[in-house]
Amino acid sequence: MQPICIPDTPVGEIATNVADWGGVHLKDVIALRDVVALSAAAVDYYMWRRLPAGNSSILCNVPNAALGKIVDINLSLVEAICFGRPGAVAREYFGRTCGTEDFIVPTKGLNTRLISPEPGVTDSRPHGQALPFHQDASVFPAQWTFLNAWTLLYPDRVPDYGTGLELIPCKLEELLEKQPNVTDPFRASIETSHARIADLIARYGSWVPNAVLGDVILFHQFTPHRSYFVNPTKLRISVEVRMIAKEQKVLDEYARNRIPYFSFQDGKIIGPKQARIDHPIEIIV
Ligand SMILES: O=C(O)CCC(=O)C(=O)O
């Protein structure tokens, strides 16, 4: 089963596919002129100016961007995802699973990844490692419900040229145990048990979407996934936009930790407006 959804697929059907298969491949979600502009900005920012990747960095506006500068936040990707089809599916999915259609996007959940084609090379910037099989739920508080909208920005297709994304399409509603004896502390904190992954793959297979610019892979917090690092030839730039169901426990946790987030009201985005380009990017509320 490969849940691929074209622009005509009804939102309710897509939300059902997310629940039944863990994730969907949404074709042609971001208008071509918008995604090409975003891609050009990402290439300029990360590859030409070599500014830092990682949490929230996609939000920095490109003109005059430099380390240490305060820039206006660029909301175009958040807008395209959250007011577009992924946002509509998220509202339907959260309405069914949490009783609220509202969601927030924490600035910390906006990861930009640059994965080099050379194994082990992380381009000396954060978020450069190919990731092992894991569930996003392992790095968020238990009981939160969220969807990850994974978006490609460079090259124009994966896995043909750059590192892809591999998912296990299955209905899974629990956090699996971690792999014991992993020495790399980063991997140890996320890596799912190899035995559990092997068992799931034997039952459901795995799925590497052929994603192109403008597509979004949308999956929930329990879906096992990893970077698909098989002979990539180009550095890959991608962004994860995490939409979290707006439940009181989520708002309380972010208020306690003073983590900024975007919320969405009457077609408008409410949230921070500026960021300082630094290591890591500092969002100015
Ligand atoms: O982009 C990748 O290769 C991995 C992304 C990932 O694991 C995630 O979005 O949680």
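Quick summary incoming for the structure in this document. Just so you know, these numbers come straight off a predicted model, no measurement behind them.

Helix and strand counts for the protein come out as 7 helices and 17 strands. The C-alpha radius of gyration computed for the protein amounts to 18 Å, which stays within 12% of the reference 19 Å derived for 285 residues, consistent with globular compactness. Every one of the 285 residues in the protein was classed for burial, and the buried ones make up 43%. Put simply, of all contacts in the protein between residues at least 6 apart along the chain, 76% involve residues at least 24 apart.

Taken together, Arg113, Ile115, Leu131, Asp136, Asn148, Trp150, Thr163, Leu165, His225, Ser227, Ser238 and Glu240 form the complete shell of residues around the ligand. Residue assignment for the shell around the ligand shows that the elements contributing at least two residues are strand S6 (111-115), strand S7 (146-154), strand S12 (225-228) and strand S13 (236-245). Tallied by class, residues from the shell around the ligand come to 4 nonpolar, 5 polar and 3 charged.

Here we take up unusual backbone geometry. Going from Val158 to Pro159, the amide bond is cis rather than trans, its omega being 5 degrees. The topology assignment puts Pro159 in the loop between strand S8 (157-158) and strand S9 (164-167). In this structure, the amide linkage connecting His279 to the following residue, Pro280, adopts the cis form with an omega of -5 degrees. Examined against the element boundaries, Pro280 turns out to sit in the loop between strand S16 (274-276) and strand S17 (282-284).

Below, the discussion takes up the pairing of S6. Most of S6 sits inside the fold, with 5 of its 5 residues counted as buried. Every second residue of S6 is oriented toward a common face, with Asn111, Arg113 and Ile115 on one face and Thr112 and Leu114 on the other, all of them buried. Here strand S3 (residues 54-55) pairs with S6 via 2 bridges, running antiparallel. Bridged to Asn55 within S6 is Asn111. Summarising the sheet, S6 and S13 pair through 5 bridges and their orientation is antiparallel. For Leu114, the partnering residue across the bridge sits in S13 and is Ile237.

As a further point, take the packing of helix H1 (residues 11-21) against helix H4 (residues 85-98). As a packed pair, H1 and H4 sit with axes 9 Å apart at the nearest point and diverge in direction by 65 degrees. Note that H1 runs across H4; the crossing there is right-handed. Contacts from Val11, Gly12, Ile14, Ala15, Val18 and Ala19 of H1 reach H4 at Ala88, Val89, Glu92, Tyr93 and Arg96. Split by residue class, the contact of H1 with H4 holds 8 nonpolar, 1 polar and 2 charged.

For the rest of this paragraph, the subject is helix H2 (residues 32-48). Compared with an ideal rise of 1.5 Å per residue, which puts 17 residues at 24 Å, H2 spans 22 Å between its outermost C-alpha atoms and is within 8% of the ideal. Arg50 sits one or two residues past H2 and shows a positive phi near 55 degrees.

Glancing now at the nonpolar core. Of all hydrophobic cores here, the largest spans 70 residues; its most connected members are Val105, Leu218, Val241 and Met243. No other element matches S7, which puts 7 residues into this core. When near neighbours in sequence (up to four residues on either side) are disregarded, Leu218 contacts Val18, Gly23, Val24, Leu26, Pro86, Val89, Leu147 and Ala149.

Let's shift gears to the sheet that holds strand S4 (residues 70-72). Strand order across the open sheet formed by 3 strands is S4-S16-S17, with antiparallel pairing between neighbours. Only two strands of the sheet have a single partner each, and these edge strands are S4 and S17. The sheet shows a mean angle of 30 degrees between the axes of neighbouring strands, taken without regard to direction. Looking at chain direction, S16 and S17 are connected through 3 bridges and run antiparallel. By the bridge assignment for S17, Ala275 is matched with Ile283.

Moving on, we get to the environment of Gln143. Residue position: Gln143 is located in the loop between S6 and S7. A C-alpha to C-alpha distance of 22 Å links Gln143 and Cys82, two positions 61 residues apart in sequence.

What follows deals with the environment of Ile190. Secondary-structure assignment places Ile190 in helix H5 (residues 185-190). When the C-alpha positions of Ile190 and Leu251 are compared, they lie 24 Å apart, and in sequence the two are 61 residues distant. Once residues lying within four places of it in the same chain are set aside, the contact partners of Ile190 are His134, Ser138 and Val139.

Within S13, 9 of the 10 residues are buried, which leaves it mostly tucked inside the rest of the structure. Pairing geometry for S7 and S13, over 8 bridges, is antiparallel. The residue bridging Tyr154 from the neighbouring strand is Ile237, located in S13.

Another point: the environment of Asp44. As for its placement among the helices and strands, Asp44 is situated in helix H2. Along the chain, Asp44 and Ala65 lie 21 residues apart, while their C-alpha atoms are 9.6 Å from each other. Those residues in contact with Asp44 that sit more than four places away from it in its chain are Arg49 and Val62.

Calculation notes
Residue numbers restart at each chain and count upward from 1, following the sequence in its written direction. The predicted nature of this model means local features are confined to residues of pLDDT at least 70 and side-chain atom pairs, given and counted, to a pLDDT of 80 or more, with totals for whole chains, interfaces and linings taken over all residues. Where helices and strands are cited, they refer to DSSP runs of H or I of at least four residues and of E of at least two residues respectively, numbered from the N terminus. Computation of the radius of gyration draws on C-alpha atoms alone. For the globule rule, the value is 2.2 Å times the number of residues to the power 0.38. Exposed residues have 12 or fewer other C-beta atoms within 10 Å of their own C-beta, buried residues have 20 or more, and partly exposed residues fall in between, where C-beta atoms are placed from the backbone. Throughout, a pair of residues is in contact if the C-beta atoms placed from their backbones lie within 7 Å. Think of it this way: take the backbone, place a C-beta atom on it, and check whether that atom is within 6 Å of the molecule or strand, in which case the residue is near it. Gly counts as polar in this scheme, as do all residues outside two lists: the nonpolar Ala, Val, Leu, Ile, Met, Phe, Trp, Tyr, Cys and Pro, and the charged Asp, Glu, Lys and Arg. Here a strand pair is declared whenever DSSP counts at least two bridges between the two strands. Structural elements are reduced to axes, namely lines fitted to C-alpha atoms, with helices fitted over the stretch in contact, and the angle between N-to-C directions of any two is expressed from 0 to 180 degrees. Throughout, a crossing is termed right-handed when the near helix is turned clockwise from the far one, and left-handed when it is turned anticlockwise from it by less than a right angle. To estimate the expected span of a helix, count its residues, drop one, and scale the result by 1.5 Å. A set of buried Ala, Val, Leu, Ile, Met, Phe, Trp, Tyr and Cys residues, joined to one another through C-beta atoms within 7 Å, is what we call a nonpolar core.

Read these as layout, nothing more, since geometry by itself doesn't imply function.
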